[in-house]
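Structure at a glance
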Amino acid sequence: MTLRSLLVISLVFFAGVGRATSASLTSPKEHFGFAIGDDYHLATYTQTEAYFKKLAAQSDRLRLVDMGRTEEGRTQWMVIATAPENLKSLDRYKAIAQRLARAEDLTPEQAHALAAEGKAVVWLDGGLHATETVGTHQLIETVWHLANSTDAEMQRILRDVIVLCVHANPDGQELVSNWYMRESDPTQRSLNGVPRLYQKYIGHDNNRDFYMAAMKESTNINRQLYLEWFPQVVYNHHQSGPAGTVMFVPPFRDPFNYNFDPLVIVGVETFGNAIQSRFLQEGKPGATSRSGANYSTWWNGGLRTTTYFHNMIGLLTEIIGSPNPIQIPFIARRQQPSNDLTAPIAPQRWHYRQSIEYSLAANRAVLDQASRHREVLLRNIYLMGRNSIARGNRDSWTFRPGRLEQVVRGAAGEGKVAGEDDASDSPDGPGGSGSPRLSQKHWDQFRKPEWRDPRGFIIPADQADFGTAVKFVNTLVKNGIALHRATADFSVAGKRYPQGSYVVKTAQAFRPHVLDMFEPQDHPNDFRHEGGPPNKPYDVAGWTLAFQMGVAFDRILEGFDGPFERLPYGQLQTPPARPLPAAGAAAGHLVTPRANDSFILVNRLLKAGVPVHRVRQGAATADFGPGTFYVPTHPAARAILERAAAQFGLDVRPAVAAPAAADLITLAPARIGLWDRYGGSMPSGWTRFILEQFEFPFEVVFAPEIDAGKLREKFDVLLFVTGAIPSQNTRPPPLNRPRNLPPEFEAQMGRITGEQSVPALKEFLQGGGTIVTIGSSTSLAYHLGLPIQSALTERNAEGRLRNLPDDKFYIPGSVLEARLDPTEPVAWGMPERADFYFDRSPVFSLTAAPGASPVKTVAWFESEKPLRSGWAWGQKVLKERTTVATANVGAGRLYLMGSEIAFRSQTHGTFKLLFNAVQLSTASPATASAAR
Ligand SMILES: [Zn+2]
């Protein structure tokens with residue numbers, strides 16, 4: 001052995017962090033055949049997966065974790081990177097992170113000892129939005145650097161931090177990279193015109209699914225976040241940066257959500273600063289924050305934002321970049337330095353590799369910060385958890401803008417709000433001098449007993465659709481929430497609850513998430529200036545999931561207890577199986593129309609050729625109400641009924657006697673066509689997912705097929721979601737046709753038009769077809785000249801009708817209550833009042849007299865304050881206006897669902913409107929023999 005080789009060996013030895021000699025590691029260039037960030041080159045998931053496996057086998061700093069399958073069946077990988085000695089005790093460090101985050105049964109001394117011992121856990125992801133290709137590529141390069149770098153900073157990082165490198169969307173990377181790389185001439189490569197959504201069902205909305213976790217990928221990610229690793233910092237990579245800048249970096253603009261711990265926000269600021277500082281140190285200008293973009297911390301449901309409700313520091317960046325070189329444009333206002341854009345960047349040509357370098361620097365900044373503050377981060381997540389538990393164990397009040405307004409208005413009524421600032425150099429700042437000083441009495445009003453936060457929520461097992469309530473409970477399970485179930489009947493506050501009811505106590509670390517799922521979001525009235533336009537919330541303003549799903553629950557304001565068993569974390573729940581009652585001499589079975597899962601049962605029966613009817617009225621409805629399903633005795637029926645009663649806990653009862661034929665309609669399988677477009681519509685994808693979940697067979701139909709007409713030969717019912725049918729007076733932009741379109745997609749190119757498509761749809765309706773329109777596609781009613789008009793209009797000075805401007809009426813995504821006519825067949829099984837999802841939705845006035853009109857109201861806003869959760873500026877104009885209507889058109893039927901009845905697969909409370917409409921499309925009056 002030469003002296004020189006001895007020296008090399010000892011240097012490597014004293015480096016402390018394992019061998020990690022680059023000689024033994026395969027670089028990205030060696031593996032992929034190009035360097036990450038080379039212009040015109042993208043890696044597929046197949047190649048990336050192989051690289052992660054190769055590198056993990058070569059490096060003693062990496063461990064590969066199988067997070068589960070994707071919706072298309074791929075394996076979703078997470079690469080854990082840390083020092084080799086940490087890898088040996090990974091389970092110990094995971095247990096420490098878990099115990100500190102849950103903050104249960106820990107004294108502060110124990111917690112501090114754990115924080116001293118533990119490692120910071122930091123999540124770095126990539127590729128969630130697959131066309132934002134910088135995401136996956138910076139992730140590949142980051143894993144390589146974590147495995148290969150030997151500089152002192154990296155050694156310190158690996159010693160202090162466990163880095164979770166998470167691939168957020170394998171299917172998307174495979175689709176997008178293959179599409180891009182299909183051109184052999186690199187300069188012809190383009191991300192334009194990817195043929196379908198980059199997540200099987202929901203594309204970009206894959207970042208809207210994290211409290212719901214309907215998709216496999218969100219479920220996998222949530223498991224790592226909230227049941228396994230509990231990272232203190234979660235860095236979610238996105239693209240693209242605001243024009244004229246390179247990157248949006250936290251902190252975010254207001255409003256922030258009052259449900260979570262303020263330590264979260266301070267943490268976000270700290271890490272945002274760390275990224276900004278590092279950029280400046282490395283001579284990387286062009287990062288903007290806060291007012292630089294529209295991102296706030298109000299909304300729950302994104303990968304980043306759901307972490308806030310779990311006491312985690314959630315970071316989002318949006319970077320510019322493309323494998324095709326781009327130009328940073330000259331945008332005048334992006335050249336003025338400000339607190340939110342300290343170092344503007346000159347307009348210039350920009351290469352992919354530069355975006356990778358910025359991302360690597362941002363990751364390093366986050367990891368360096370986590371390393372330096374390792375113990376503080378661990379202590380803080382414990383502290384936030386402990387704060388939450390304490391708040392849930394005593395009377396506490398959560399600030400809500402609406403309540404504050406009430407108190408202030410009350411004080412104003414007493415003449416107590418005169419401005420009291422006489423000092424000319426008031427330090428109060430903007431709004432300070434106009435902000436009233438109120439008395440202790442008014443403060444006490446804000447502390448009303450009935451305004452206390454609930455100590456817990458009870459979900460009774462005897463509600464009409466307990467199966468759906470259990471689905472709601474499972475969203476909490478997937479979000480790491482602690483749950484109890486009653487082992488016996490019990491009483492709280494004078495009310496009896498049956499065994500099997502669920503109890504969600506708020507004395508738990510993730511209390512902010514619990515409150516956010518059950519309590520209304522009270523969005524502030526947020527305008528640019530008095531009388532000015534609204535500051536549009538990022539995504540939506542209100543979402544209370546328990547409302548959207550139509551779950552019955554009670555809020556309990558006092559401490560309470562009972563015969564409750566604590567459920568193990570992460571244990572998915574199923575409704576209790578019900579034995580099928582013997583039909584005996586009875587004439588078959590009756591099935592509840594109030595449970596969504598009854599539609600799965602009916603679809604299975606119809607598929608097996610078993611006759612199924614619905615009881616319109618009369619004694620035969622048992623106490624299920626109109627629309628009760630009636631399944632006559634049939635040799636194939638029993639096994640299917642038995643299985644569904646067990647699987648879904650459905651309420652099925654013997655039919656004492658066959659209902660009268662006059663009271664019945666007979667169902668038949670419906671030929672369903674669901675509209676979609678080339679590239680994929682997200683609302684259509686969500687609806688596709690819902691139809692599959694509820695076992696409705698269907699076909700996807702594109703504009704060319706619709707325009708070809710003769711639709712009645714192929715379909716009984718056509719579904720048009722928001723975005724399908726244009727309004728009468730909009731001219732759609734020309735079709736964006738990708739170069740070299742593969743011929744199999746020719747039949748998908750096109751769009752629904754007034755000229756071509758509407759006549760075909762009219763013919764379909766007149767021939768007896770059914771069309772269901774949702775949201776903006778209800779414009780079909782105007783194309784057809786039905787006697788309705790928008791309720792959201794006013795006359796201007798010249799007497800012309802125009803849409804209400806945003807300063808008079810503005811309801812971004814929010815939950816509103818509407819009244820239903822449950823005798824209308826499309827509303828069968830629905831309660832008389834239900835929560836609807838309203839997302840800048842159309843609202844109707846019927847213009848013809850009720851008896852003489854082909855249009856009939858099914859659901860309407862009853863009060864002048866229908867808002868249940870979110871923000872509804874000017875909501876009083878909704879009073880007595882229609883949100884759901886049905887219209888006869890020739891022999892057919894058109895449904896107008898103004899509200900989003902199938903929103904992101906969250907609105908289980910209104911799914912029945914969709915299911916009934918589909919089912920009724922093939923229903924016929926029962927013949928006398930049917931009732932046998
Ligand atoms: Zn994105």
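Described below are features of the structure shown in this document. Please read all numbers here as calculations on a predicted model, not as lab measurements.

Across its full length, the protein holds 26 helices and 39 strands. Taken across its 932 residues, the protein has 58% of its residues classed as buried. Within the protein, counting contacts between residues at least 6 apart in sequence, those at least 24 apart form 79% of the total. Summing over all exposed atoms, the protein offers an accessible surface of approximately 35,900 Å²; the carbon and sulfur share of this is 52%. Where the 98 positive side-chain charges of the protein centre and where its 92 negative ones centre are 2 Å apart.

This part covers empty space enclosed by the protein. What the rule picks out here adds up to five cavities of 30 Å³ or more. Of the residues in the lining of the largest cavity, the class split is three nonpolar, two polar and three charged.

What follows covers the pattern of salt bridges. Taken as a whole and judged by the stated rule, the model has 57 salt bridges. The residue arginine 196 makes a salt bridge to glutamate 72 at a minimum N-O spacing of 2.9 Å. Of this pair, arginine 196 sits in the loop between helix H9 (170–181) and helix H10 (216–229) while glutamate 72 is found in the loop between strand S1 (62–69) and strand S2 (75–81), placing the two residues 124 residues apart along the sequence. Given the relative accessible area of 40%, arginine 196 is considered partly exposed.

This brings us to the coordination of the zinc ion. Around the zinc ion, the protein contributes the donor atoms His129 (ND1), Glu132 (OE), Glu132 (OE) and His238 (ND1), which lie 2.1 to 2.3 Å from the metal centre. Taken together, the four donor atoms coordinating the zinc ion and their angles of 57 to 153 degrees define a geometry best described as irregular. One chain supplies every donor to the zinc ion, and in sequence these donors are spaced H-x2-E-x105-H. Each member of the pair histidine 129 and glutamate 132 is classed as buried.

Inspection of every chain in the model, using the stated rule, returns 40 aromatic pairs. Both rings, one in phenylalanine 260 and one in phenylalanine 309, keep their centres 5.2 Å apart while their planes meet at 85 degrees; by these two values the pair is edge-to-face. Remark: phenylalanine 309 occurs in the loop between helix H12 (303–308) and strand S10 (313–319) and phenylalanine 260 occurs in the loop between strand S7 (253–256) and helix H11 (262–281); sequence separation between them is 49 residues. In terms of burial, phenylalanine 260 and phenylalanine 309 fall into one category: buried. Following the ring pairs from residue to residue traces out a cluster consisting of Tyr258, Trp298, Phe399, Trp443, Phe446, Trp451 and Trp543. We note arginine 868 situated over the ring of phenylalanine 547; from NZ or CZ to the ring centre the distance is 3.8 Å.

It is worth spelling out the sheet that holds S1 at this point. Overall, mixed pairing links the eight strands, which are arranged S1-S2-S4-S3-S5-S10-S6-S8 in an open sheet. The open sheet terminates on both sides in strands that have one partner only, identified here as S1 and strand S8 (287–288). Across seven bridges, the pairing between S1 and S2 is antiparallel. Residue pairing across strands places arginine 69 opposite threonine 75, the latter belonging to S2. Along the sheet, helix H3 (residues 45–58) contacts S1, S2 and strand S4 (161–167); its crossing angle with S2, the most-contacted strand, is approximately 35 degrees.

If you add up the space inside the second largest pocket, you get close to 970 Å³. Taken together, 31 residues form the lining of the second largest pocket, with Gly402, Asp522, Lys865, Leu867 and Gln875 sitting closest to its centre. Top element by residues in the lining of the second largest pocket is helix H15 (residues 401–413). It accounts for six residues. Residue composition of the lining of the second largest pocket, by class: 11 nonpolar, nine polar and 11 charged.

On to the pairing of strand S17 (residues 502–505), then. Burial along S17 is two-sided: Tyr502 and Val504 and Val503 and Lys505, pointing in opposite directions, are all buried. Of the strand pairs in this sheet, strand S13 (residues 456–459) and S17 are connected by four bridges, and their pairing is antiparallel. Looking at S17, one finds that phenylalanine 457 is bridged to valine 504. In this sheet, S17 lies alongside strand S14 (residues 484–486) in antiparallel orientation, the contact comprising two bridges. Its bridge partner being in S17, arginine 485 is matched across the sheet by tyrosine 502.

Let's shift gears to helix H20 (residues 598–607). Most of H20 sits out of view: nine of its 10 residues are buried. Buried within H20 we find Ser598, Phe599, Ile600, Leu601, Val602, Asn603, Arg604, Leu605 and Leu606. In the core, the buried residues of H20 are packed alongside strand S20 (588–591), strand S21 (613–615), strand S22 (628–632), helix H21 (637–648), helix H22 (682–693) and helix H26 (911–920). Positive backbone phi, at 80 degrees, marks glycine 609, one or two positions downstream of H20.

Right, let's get into H9. Because each turn of an α-helix spans 3.6 residues, side chains separated by three or four positions in sequence point in the same direction. The end-to-end C-alpha distance of H9 is 16 Å, a good match for the 16 Å that 12 residues give at a rise of 1.5 Å each. By the criterion of burial, H9 is predominantly enclosed, with 10 of the 12 residues buried. Of all the residues in H9, the buried ones are Pro170, Asp171, Gly172, Gln173, Glu174, Leu175, Val176, Ser177, Trp179 and Tyr180. Turning to H9, the residues buried within the fold contact H3, S2, helix H7 (134–148), S4 and H10.

All right, on to the pairing of strand S37 (residues 882–889) then. Side-chain direction in a regular strand flips from residue to residue, so the side chains alternate between the two faces of the sheet. Burial of S37 is extensive: seven of the eight residues sit out of reach of the surface. In this structure, strand S35 (residues 855–860) lies alongside S37, joined through five bridges in antiparallel fashion. When the bridges of S37 are listed, lysine 856 appears paired with threonine 886. Bridge count between S37 and strand S38 (residues 892–897): six bridges; the pairing is antiparallel. The residue bridging valine 884 from the neighbouring strand is methionine 897, located in S38. Between the antiparallel neighbours S37 and S38 lie two residues, among them glycine 890 with a positive phi of about 55 degrees.

On to the environment of valine 264, then. The topology assignment puts valine 264 in helix H11. We classify valine 264 as buried; its relative accessible area is 0%. Residues valine 264 and glutamine 232 lie 32 residues apart in sequence; the distance between their C-alpha atoms is 9.7 Å. Apart from residues no more than four positions distant in its own chain, valine 264 is found in contact with Tyr308, Asn311, Met312, Ile313 and Met384.

Before going further, it helps to examine the sheet that holds S14. Read from one edge of the open sheet, five strands run S18-S13-S17-S14-S19, paired in antiparallel fashion. At either end of the open sheet lies a strand with only one pairing partner, and these are strand S18 (554–556) and strand S19 (564–566). Between one strand and the next, the sheet's axes are offset by a mean angle of 30 degrees, whatever the strand orientation.

Here we come to the nonpolar core. Within the largest apolar cluster, 143 residues are counted, with the highest numbers of intra-cluster contacts made by Leu100, Leu164, Val246, Phe279, Ile459, Phe472 and Phe518. If you tally residues by element for this core, the top one is helix H13 (residues 352–372), at 10 residues. When sequence neighbours within four positions are dropped, the list of residues in contact with isoleucine 459 reads Phe466, Ala469, Phe472, Val473, Ser501, Tyr502, Phe518, Val551, Ala552 and Phe553. Ranked by size, the runner-up nonpolar core spans 97 residues in total, among them Trp675, Phe844, Val884 and Leu914.

Right, let's get into unusual backbone geometry. The omega torsion across proline 250 and proline 251 is 10 degrees, close enough to zero to call that bond cis. With respect to the element layout, proline 251 can be found in the loop between strand S6 (247–248) and S7. Backbone geometry places aspartate 105, a non-glycine residue, at a positive phi of 50 degrees. Structurally, aspartate 105 is set in the loop between helix H5 (90–102) and helix H6 (108–117). With a phi close to 50 degrees, arginine 904 is a non-glycine residue in the positive phi region. You can see arginine 904 is positioned in the loop between S38 and H26.

Here is what the cut-offs are and how they apply
Residues numbered from 1 in each chain as written. Predicted model: local features only at pLDDT ≥ 70, side-chain atom pairs only at ≥ 80, totals over all residues. Heavy atoms only, no water. Helix = DSSP H or I, 4+ residues; strand = E, 2+ residues; numbered from the N terminus. Buried < 20%, exposed > 50% of the residue type's maximum accessible area, 1.4 Å probe, protein only. Contact = heavy atoms within 4.5 Å. Areas by Shrake-Rupley, 256 points an atom, 1.4 Å probe, with all protein chains shown as cover. Lys, Arg positive; Asp, Glu negative; His and termini not counted. Charge placed at Lys NZ, Arg CZ, Asp CG, Glu CD. 1 Å grid on protein atoms, 1.4 Å probe; cavity = no way out; pocket = protein on both sides within 12 Å on 5 of 7 lines; lining within 4 Å. Points joined across faces, edges and corners; volume = space filled by probe spheres on them. Nonpolar A, V, L, I, M, F, W, Y, C, P; charged D, E, K, R; others polar. Salt bridge = Lys/Arg side-chain N within 4 Å of Asp/Glu carboxyl O. Donors = N, O, S within 2.8 Å, 3.2 Å for Na, K, Ca; no water. Tetrahedral: all angles 85-135°; square planar, octahedral: opposite > 155°, others 65-115°. Phe/Tyr/Trp six-rings, centres within 6.5 Å; stacked < 30°, edge-to-face > 60°. Lys NZ or Arg CZ within 6 Å of the ring centre and 35° of its normal. Pairing = 2+ DSSP bridges. Axes fitted to C-alpha atoms, helices over the stretch in contact; angles between N-to-C directions. Expected span 1.5 Å × (residues − 1). Core = buried A, V, L, I, M, F, W, Y, C linked by side-chain atoms within 4.5 Å.

Read these as geometric descriptors, not functional statements.
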